[in-house]
Each structure stands twice: as C-alpha cells, then as structure tokens.
Amino acid sequence: MIMSILLNLIYALLLAVASPWILWRCVIQGRYRHGWPQKLLGQLPDRRSVRRDSNRHELSARLPPCIWFHAVSVGELQVIRPLVDKAQQERPDVEIVITTSTDSGYELARSQYQKHIVSFAPLDFTWAIRAALDRVQPDLLVLAELELWPNWLRITSDRNIPISIVNARLSARSLRGYRRVSWLIAPILSRVAFIGAQSNTYRDRFFELGCRSEQLEVTGNIKFDGATPDRQHPEVLRRRELLSMPQTEDDSTLVVWLCGSTQAPEEAICLEAMKSLLPRFPQLRMILVPRHAERFEEVADLVMASGLPWIRRSQLQEQPTGTDWRVFLADSIGELRWWWGLADIGFVGGSFGSRGGQNMIEPCAYGVATSFGPNTRNFADVVQLLLDSEGAVQLSEPAELETWGAQMIEQPEARHGLQTRAREIVLAQRGAVDRTWLSIH
C-alpha cells in the first residue's frame, strides 16, 4: 500500500512537470488531445450489462470470457495483430479488448480492430487501474514486448487475473537500467504468469532480473509471423494501381526504392541520395514513409525543397495518379506494411540516429533488398540473423546509402540474390504465434 501511494505521488509529480510540454504538443502538434478520461480515471468501455432487481441491487449479467491486449503504440499493435487474429480464430466465444497509449496507436487500432473494443489505456494510477479492471473484467491480460507498470501488474495479479508478456525483449541497455531498481522490478516480474521471449539472449536477460524458469519460454519473434510475404495481396495490388507504376520511357524496368520508418535527418539523407542517383537511373522511384505523423508536414517541406516531382498520400483520391512523380510521400498511419510490397530496394529508418532501428522484417518478408544504418539495438538478434545469412546490408554511415543504391540498380543479380535470401530467412523463422498461443490460452 505504501509503495502504491508513493508511486501515485511520483506519477502525479511527473505529470505536473511534463504538463507544459504536453500542452505545447497538444496545441502545436495536435497530440495528446484525446483519451484523458481513460488515462486518468480508467473510464474504459464497460462490458457489464447491469439490471436492477426489485430490491434495487445491481446484478451483472453473465459476461463472455475476455482477453485484454495492450500495445503501447503502432509498432506493438502490429506485433499483436497475428496473435489477436489467432485468438479470434481459435476462441470465437472470447471478447477482445485492445488498448494503446498514443494517438497514432489509437487511430490505427480503431481502423485495424473494428470488431473489437478499442480504448486508450489507463495510466498507472491505482484508481485508474482499478476502474479499468472493473469495467473490462478480463480473464487474461496480454502485454506486448515489455510493459512493467507496478500498480497495473500488482492490482491485476491481486485479482487473480493471469498476466502474459508476449514477444518479450530486453535490451542490454534496459537490463542495466532495471538492475539499478531491481528491488522494484523483481516483485513486479514475479506477478507475471508467462513471458514469451523472442530469443535465448532475451530469455537469459530476464533470468538475470530474477525471473523463474517456469515463467519463461523462448517462443520466437511474432514479427516474423506478422510480416506479409505476398506481393499479390489485394492491399498491395490496390496501392500499385493507385501509384500507376509504369514502365519508364526507355522501357527499362521500374526500380522502387522505399525508405520506411524514417526519422530526422534520414529523410534529407534519402532525398539527397535520390537526387544524385536519378540522372543516372531515370527508372528510379522513391517511396518515403516517415515514422511519426507529427512530422508529415516537416517532411513534405523537405520533399518540396528537393525540387523532385512528388505526390503525397493524403492528397490522393482512390483513383490512379499520374506517372510523372519521382517521390511519393506516404503520409499515413498503418500502411507501411503494404507499401513495402511495392519495393525492390529498401532502407529501414531509425538506424542513422539514436532511435535504435525499426522493423526490417517486413521488407525482408516481401523479398526487398534491405539496408539499414549502424544503430539497430532494438533489433539486435534479427540484424545478426540477417547479416550472418547475407540477407541484408548494414551501412556504417549515410554517405554509403547512395553507393549501395547504385550498386543495387546496376547489379540486378546481386539485388536478386539479396532479395531471395531475405525472404527465405523470414519464412524459416515463422511459428511464434502458434507457440505463444499454446502457452497463454
């Protein structure tokens, strides 16, 4: 009880300190405007059907079983998607609740999970967690990757609701940080019934934090299962038609270069490489997909300043566009996995800065010749697997991006070899969803 009170005070203080920054982003960027009743008060959708009897007592109607999936933002929502589909397929009697913590995550969840209950997640205040659990009444709580909120896990566990962490990963950096507060983390982890680690490396790190062997299992990386390998998927074909994807004037094959999940200054780096390569390779087209929605206008200004003919997703209708564009700005949320299906070569962003890299599994699944920068700690095991099998290329500095792009265009045999190996590696790693589902349901 004392620890919960202390945590509530710390959270309140942090929220008060951050409030000017939150207000600034709310006014300037349009973020954090929604979901505050859910976040602060736990006012999630109420699953109970309440009636009153003649004695004025409230009686809850019998509820179907419920699985509550929580995914903090867009990336985690994409992780749980195949697991949610599996749950719906195997247990159609189960009601599914999806929560997320960010505006972009909520927007994606609303469009992606229309058959399920979608809400913002409560913050880790005791009253918000209790209210949320009262309304949702889950039979199982599933957290994506790693969400260690002390009050949420303690109160859920005290109500005898099993907790599972799926697709769990723990970087060396996070391990060092958690070790400093092991007195807090160890009791939290002890309340988790199941942790499905992505790899042996992550499993061993959880052991170092005090997890028991009966809690842990190496289930593999669900992102391999969630990646679509089908370039003939209707969603891919619809986007191919939307962009007209023509033959060039000299009748050579079009080469599409997708730069996905980019962050500053990666868009500028990619556009400079494109400007340098285009005079030599007029068949080249670039699809640019920034990571964060609040940067769409900033990136649009960069594309316009480049002088390259361009179009943007937000200004397109659902009819095919013209054929004179050289850069397509995909300023939308949740479509990247389909845009990858149009690409021949790709660059995965978040890897030339401090972010730690983004998901390179999706392009590899389609057989895209994939590159990324040196900073990929978020996907260390995946990167090592790809590099060991020569299924992707890691660039050491931004200047290499143009050279590598030219090589992929000039040497189609090398490109095709990279594409084939990438796809084979991803297909060989699938199966994590089935292993995870067997362990949690």
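Residues numbered from 1 in each chain as written. Predicted model: local features only at pLDDT ≥ 70, side-chain atom pairs only at ≥ 80, totals over all residues. Heavy atoms only, no water.

Undergrad: Looking at this structure, how should I read the overall build of the protein?
TA: Counting its secondary structure elements, the protein contains 19 helices and 16 strands. Its C-alpha atoms give the protein a radius of gyration of 23 Å, near enough to 22 Å, the size a compact globule of 441 residues would have. Dimensions of the protein along its principal axes, counting C-alpha atoms only, are 85 × 45 × 45 Å. For the protein, the residues scored as buried account for 53% of the 441 residues in total. Of the roughly 19800 Å² of accessible surface on the protein, a fraction of 51% belongs to carbon and sulfur atoms. (Helix = DSSP H or I, 4+ residues; strand = E, 2+ residues; numbered from the N terminus. Rg over C-alpha atoms; globule rule 2.2 N^0.38 Å. Buried < 20%, exposed > 50% of the residue type's maximum accessible area, 1.4 Å probe, protein only. Areas by Shrake-Rupley, 256 points an atom, 1.4 Å probe, with all protein chains shown as cover.)

Undergrad: Teacher, can you tell me more about the sheet that holds strand β7 (residues 163–168) here?
TA: Adjacent strands of a sheet form backbone hydrogen bonds with each other and so pair up, either parallel or antiparallel. Strand order in the open sheet formed by 7 strands is β5-β4-β3-β6-β7-β8-β9, with parallel pairing between adjacent strands. Here the strands that pair on one side only, and so sit at the sheet edges, are β5 (117–120) and β9 (216–218). The average angle at which neighbouring strand axes cross in this sheet is 20 degrees, direction not considered. The sheet contact formed by strand β3 (residues 66–70) and strand β4 (residues 95–100) spans 5 bridges and is parallel. Paired with Cys66 across the bridge in β4 is Glu95. (Pairing = 2+ DSSP bridges. Axes fitted to C-alpha atoms, helices over the stretch in contact; angles between N-to-C directions.)

Undergrad: Sorry, what's going on with helix α1 (residues 2–28) here?
TA: Because each turn of an α-helix spans 3.6 residues, side chains separated by three or four positions end up pointing in the same direction. Taking 1.5 Å of rise per residue, the 27 residues of α1 would be expected to cover 39 Å, and the 39 Å separating its terminal C-alpha atoms lies within 8% of that figure. At Ala18, α1 shows its strongest bend, of approximately 50 degrees, with the proline Pro20 following within four residues. Turning to α1, its buried residues are Ser4, Leu7, Asn8, Tyr11, Ile22, Arg25 and Cys26. Contacts from the buried residues of α1 go to α2 (36–41), α5 (126–136) and α6 (150–158). (Expected span 1.5 Å × (residues − 1). Bend = angle between axes of the 7 residues up to and from the residue. Contact = heavy atoms within 4.5 Å.)

Undergrad: What am I meant to see in the packing of aromatic side chains here?
TA: Working definition: an aromatic ring pair is given by the centre-to-centre distance plus the angle between the planes. For the structure on display, the rule yields 8 aromatic pairs. An angle of 15 degrees between the planes, with centres 4.3 Å apart, marks the rings of Tyr106 and Phe120 as stacked. Here the residue Tyr106 occupies a position in helix α4 (residues 103–112), and Phe120 occupies one in strand β5, the gap between them amounting to 14 residues. Judged by centre distance (4.8 Å) and plane angle (15 degrees), the ring pair of Phe125 and Trp127 falls under stacked. Accessibility expressed as a relative area gives 5% for Phe125, which makes it buried. Put simply, the rings of Tyr11, Phe125, Trp127 and Trp149 touch in pairs and so form one group of aromatic residues. One residue, Lys39, lies across the ring of Trp36, its end atom 4.9 Å from the ring centre. Over the face of the ring belonging to Trp339 we find Arg239, whose NZ or CZ atom lies 5.6 Å from the ring centre. (Phe/Tyr/Trp six-rings, centres within 6.5 Å; stacked < 30°, edge-to-face > 60°. Lys NZ or Arg CZ within 6 Å of the ring centre and 35° of its normal.)

Undergrad: Sorry, what's going on with the packing of helix α12 (residues 266–277) against helix α13 (residues 296–306) here?
TA: Any two packed helices are characterised by how steeply their axes cross, that is the angle between the axes, and by the distance between the axes. It is the contact of α12 with α13, at a shortest axis distance of 10 Å, that shows an interaxial angle of 20 degrees. Relative to α13, the element α12 is oriented roughly parallel. Crossing of α12 against α13: the hand is right-handed. In this structure, α12 uses Glu267, Ala268, Leu271 and Lys275 to contact α13, whose residues at the interface are Val299, Leu302, Val303 and Ser306. Per-class residue counts for the contact of α12 with α13 are 5 nonpolar, 1 polar and 2 charged. (Parallel < 35°, antiparallel > 145°, perpendicular 65-115°, else oblique. Left-handed = near helix turned anticlockwise from the far one by under 90°. Nonpolar A, V, L, I, M, F, W, Y, C, P; charged D, E, K, R; others polar.)

Undergrad: Teacher, can you tell me more about the pairing of strand β15 (residues 369–372) here?
TA: Both faces of the sheet carry side chains from a regular strand, because those side chains alternate between them. Side chains Ala369 and Ser371 of β15 all project onto a buried face; the interleaved residues Thr370 and Phe372 project onto the opposite face, where all are buried too. For strand β14 (residues 345–348) and β15, the ladder comprises 4 bridges, and the chain directions are parallel. Among the inter-strand pairings, Val348 is bridged to a residue of β15, identified as Phe372. Pairing of β15 with strand β16 (residues 393–394), which is carried by 2 bridges, proceeds in the parallel orientation. Bridge assignment links Phe372 to a residue of β16, and that residue is Gln394. Viewed along the sheet, the connection from β15 through helix α16 (residues 380–388) into β16 turns out right-handed. (Right-handed = clockwise from strand over helix to strand, strands pointing away.)

Undergrad: How do you make sense of the pattern of salt bridges when you look at a structure like this?
TA: If charged atoms from side chains of opposite charge come close, those side chains can pair. Summed over all chains, the structure comprises 21 salt bridges. Across the salt bridge formed by Arg47 and Glu95, the nearest N and O atoms sit 2.7 Å from each other. Residue Arg47 is located in the loop between α2 and β1 (50–52), and its partner Glu95 is located in strand β4; the two are separated by 48 residues in the primary sequence. Residue classification places Glu95 among the partly exposed positions, given a relative accessible area of 27%. A salt bridge links Glu267 to Arg295, with the nearest nitrogen and oxygen atoms 2.7 Å apart. Placement of Glu267 in helix α12 and of Arg295 in the loop between β11 (284–290) and α13 is noted, with a sequence separation of 28 residues between them. The same class applies to Glu267 as to Arg295, namely buried. When salt bridges that share partners are traced, they join Glu235, Arg238, Arg239, Arg313 and Glu335 into one network. (Salt bridge = Lys/Arg side-chain N within 4 Å of Asp/Glu carboxyl O.)

Undergrad: I keep staring at a positive patch on the surface and nothing clicks. Help me out?
TA: Together, Arg173, Arg176, Arg180, Arg355 and Arg377 make up a region of like positive charge exposed at the surface. In this fold, Arg176 is placed in helix α7 (residues 172–180). (Patch = residues over 30% accessible without salt bridge, like charges linked within 9 Å, V, L, I, M, F, W, Y side chains within 5 Å. Lys, Arg positive; Asp, Glu negative; His and termini not counted. Charge placed at Lys NZ, Arg CZ, Asp CG, Glu CD.)

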